[in-house]
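So the chains spell out like this:
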Amino acid sequence: AAPSVTLSEQKTIEKYLQIKSGNYFDVLNGYIAEGDSITAGYYGTGQVGYAQKVMNSVSPRFGNQLTSAVSGSYIAGVSGRISAVQAKINAMLAIGVHPIVSLLIGANDRPSTLLEAQTLYNSITTYCDAIKGYGASFILCTTTATDPSTYVLYESTGRPELNRLIRENDCGADAVCD
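Participant: Now, about the side chain of Asp36: what can you tell me, with residues and values included?
Facilitator: Looking at the element boundaries, Asp36 is found in the loop between strand E1 (29-35) and helix H2 (37-40). No salt bridge is formed by the buried Asp36, whose closest oppositely charged neighbour, Arg110, lies at an N-O distance of 8.1 Å. Dropping the residues within four chain positions of it, Asp36 is found in contact with Ala69, Val70, Ser71, Gly72, Ser73, Leu104, Ile105, Gly106, Ala107 and Asn108.

So, in structure tokens, the structure goes:
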């Protein structure tokens, strides 16, 4: 059986569909952030990840925010969590909220060759196809820099190539976040 949405997540979704301070508003979009520590909050230290920072700065009409990201994730881990993301998408669709899923991944995979970057991008494309097939819009983010003195080939070859592929957007993402 597919994983279900937790009660806490369902309440997060539902609270934005209620009347707020006497004003009625419809939440048209819900947001599910997926990725690694940059999304989840750095290394479990309690620092706020980018997804929460984005949600803190946008309109309440974009108020349903659920994070599936886990610090230290690789694309294989993200792909392994897809059924949980699908459950969140289904819960949003069931109450009339359009889900938007973002993915920021790659720093832990650290492709160091052109072929490794293409292989990672192919996995991202498979993920994109699945998310869009579930009825959600998909935002693909370019990868962030790491320590260039430690990860020389990733910074000089792999990351630029992966980001080039992401910017070309052959995977069919609805938007690219750069």
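Next comes the rest of the write-up.
Participant: How would you explain helix H6 (residues 114-133) if you had to name every residue and give the values?
Facilitator: Taking 1.5 Å as the rise per residue, H6 with 20 residues should run 28 Å; its terminal C-alpha atoms sit 28 Å apart, in good agreement. Within the sequence span of H6, burial applies to Ala117, Leu120, Tyr121, Ile124, Thr125, Tyr127, Cys128 and Ile131. In the core, the buried residues of H6 are packed alongside E1, helix H4 (75-80), helix H5 (82-94), strand E3 (98-104), strand E4 (137-141) and helix H7 (152-168). Phi turns positive, to about 105°, at Gly135, one or two residues after H6.

Participant: I'd like a description of the packing of H5 against H6, backed by residues and values.
Facilitator: Running from N to C, H5 and H6 point in directions that differ by 25°, and their axes come no closer than 10 Å. Relative to H6, the element H5 is oriented roughly parallel. Relative to H6, the crossing made by H5 is right-handed. In contact with Ile82, Val85 and Ile89 of H5, H6 contributes Tyr127, Ala130 and Ile131.

Participant: Kindly report on the pairing of E4, identifying the contributing residues and their values.
Facilitator: When you tally the buried positions in E4, you get 4 out of 5 residues, the bulk of the element. Sheet topology note: the E3/E4 ladder contains 4 bridges and is parallel. Within E4, the position partnered with Leu103 by the bridge is Leu140. Viewed along the sheet, the connection from E3 through H6 into E4 turns out right-handed.

Participant: So what's going on with the pattern of salt bridges? Which residues, and what values?
Facilitator: Enumeration according to the criterion identifies 6 salt bridges in this entry. The closest approach of N and O atoms between Glu161 and Arg164, which form a salt bridge, is 2.7 Å. Note that Glu161 and Arg164 are positioned in helix H7 at a spacing of 3 residues, about one turn of the helix. Judged by relative accessible area, which is 14%, Glu161 ranks as buried. Here Asp178 makes a salt bridge to Arg167, at a shortest N to O gap of 2.7 Å.

Definitions and limits used
Residues numbered from 1 in each chain as written. Predicted model: local features only at pLDDT ≥ 70, side-chain atom pairs only at ≥ 80, totals over all residues. Heavy atoms only, no water. Helix = DSSP H or I, 4+ residues; strand = E, 2+ residues; numbered from the N terminus. Buried < 20%, exposed > 50% of the residue type's maximum accessible area, 1.4 Å probe, protein only. Lys, Arg positive; Asp, Glu negative; His and termini not counted. Salt bridge = Lys/Arg side-chain N within 4 Å of Asp/Glu carboxyl O. Contact = heavy atoms within 4.5 Å. Expected span 1.5 Å × (residues − 1). Axes fitted to C-alpha atoms, helices over the stretch in contact; angles between N-to-C directions. Parallel < 35°, antiparallel > 145°, perpendicular 65-115°, else oblique. Left-handed = near helix turned anticlockwise from the far one by under 90°. Pairing = 2+ DSSP bridges. Right-handed = clockwise from strand over helix to strand, strands pointing away.

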